[in-house]
Amino acid sequence: FRPILTFHPFFRCYNDGNPLATRKVCHEAISRLSLSKGDMLFSEGEVPSTPHMYFCTSGKLRYQRDTQRPKSFTVGHWAAEGVLWTPWVHFGTAMAKTEVGLIVVDATAFQRIAARYRTQEFYARRYAADFVEELNKLPDKAMINDLDVGFDIQDLTERVFQVLA
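So, here's what we can say about the structure. Note that residues are indexed from 1 along each chain, following the sequence as it is written. Side-chain atom pairs in this predicted model are given and counted only at pLDDT of 80 or more, local residue features only at pLDDT of at least 70, and totals for whole chains, interfaces and linings cover all residues. Excluding hydrogens and water, the side-chain values take into account all heavy atoms of the structure.

**Considering the pattern of salt bridges**
- For this analysis, a salt bridge means a side-chain nitrogen from Lys or Arg found within 4 Å of a carboxyl oxygen belonging to Asp or Glu. As enumerated under the stated definition, the model contains five salt bridges in all.
- Glu134 is paired through a salt bridge with Lys137; the nearest N and O atoms lie 3.2 Å apart. Here Lys137 and Glu134 lie together in helix α5 (residues 123-137), a separation of three residues that amounts to about one turn.
- We call a residue buried when its accessible area falls under 20% of the maximum for its residue type, exposed when it is over 50%, and partly exposed in between, using a 1.4 Å probe and counting protein chains only. On the basis of relative accessibility, which here comes to 15%, the residue Glu134 falls in the buried class.
- On the basis of relative accessible area, Lys137 is assigned to the exposed category, the value being 52%.
- Ionic contacts of the salt-bridge type, sharing partners, join the residues Lys24, Glu28 and Arg116 into one network. In this description a helix means any DSSP run of H or I spanning at least four residues, a strand means any run of E spanning at least two, and both kinds are numbered starting from the N terminus.

In structure tokens:
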């Protein structure tokens, strides 16, 4: 699962800084999910009972928030990162447009592993705090959706992991 997980800037740097924790995440916090065309992954306003972050490994999903233009969610993309760092309500609806394969990161299991495998820098905690701070600074909450939180994840990751640079 590591090659897919490391599509995301946080997990790429987290793997570099704490490969043992990343290995544990891959073994203990990730599962696979298959959707058929028309299946709903999550819906707008839903508070996930078991929060998950999703990575698309095959197929295509359609994501739509309110009346905004729909977006595609395909291989190499992720959704619902916010569940890893803060209580989350889905901002839109994701539905399979084709047969879809996903890897699913269980937020509770990830948090438990991140807390157990701390480095001196404790990257996950720093990233979580900065992620929430960036969300709170957004002038317009309509900028937030499950695919794009409204700020640059790459910049956030570089700031948090600057000790690795």
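**Here we look at the sheet that holds strand β3 (residues 52-58)**
- Pairing between two strands requires that DSSP report at least two bridges joining them. The four strands are arranged β1-β8-β3-β6 in an open sheet whose pairing can be described as antiparallel. Strands with a single pairing partner mark the edges of an open sheet, and in this sheet they are β1 (30-35) and β6 (78-79).
- Summarising the sheet, β1 and strand β8 (residues 100-106) pair through six bridges and their orientation is antiparallel. Considered in β8, the bridge of Leu35 is made with Val100.

**Observations regarding empty space enclosed by the protein**
- Think of a 1 Å grid over the protein atoms and nothing else: a 1.4 Å probe that fits but is trapped marks a cavity, an open set flanked by protein within 12 Å on at least five of seven lines marks a pocket, and residues with an atom within 4 Å of a point count as lining. Grid points are joined across faces, edges and corners, and a volume is the space filled by probe spheres set on the points. Across all of its chains, the model carries one cavity of 30 Å³ or more by this definition.
- Considering only enclosed or pocket space, the largest cavity measures out at about 30 Å³ in volume.
- Forming the walls of the largest cavity are Tyr14, Asn18, Ala114, Tyr117, Arg118, Thr119, Phe122, Tyr123 and Ala124.
- Only Asp, Glu, Lys and Arg are considered charged in this grouping, and only Ala, Val, Leu, Ile, Met, Phe, Trp, Tyr, Cys and Pro are considered nonpolar; every other residue, Gly among them, is considered polar. Counted by class, the lining of the largest cavity contains six nonpolar, two polar and one charged residues.

Nothing here speaks to function; it is all geometry.
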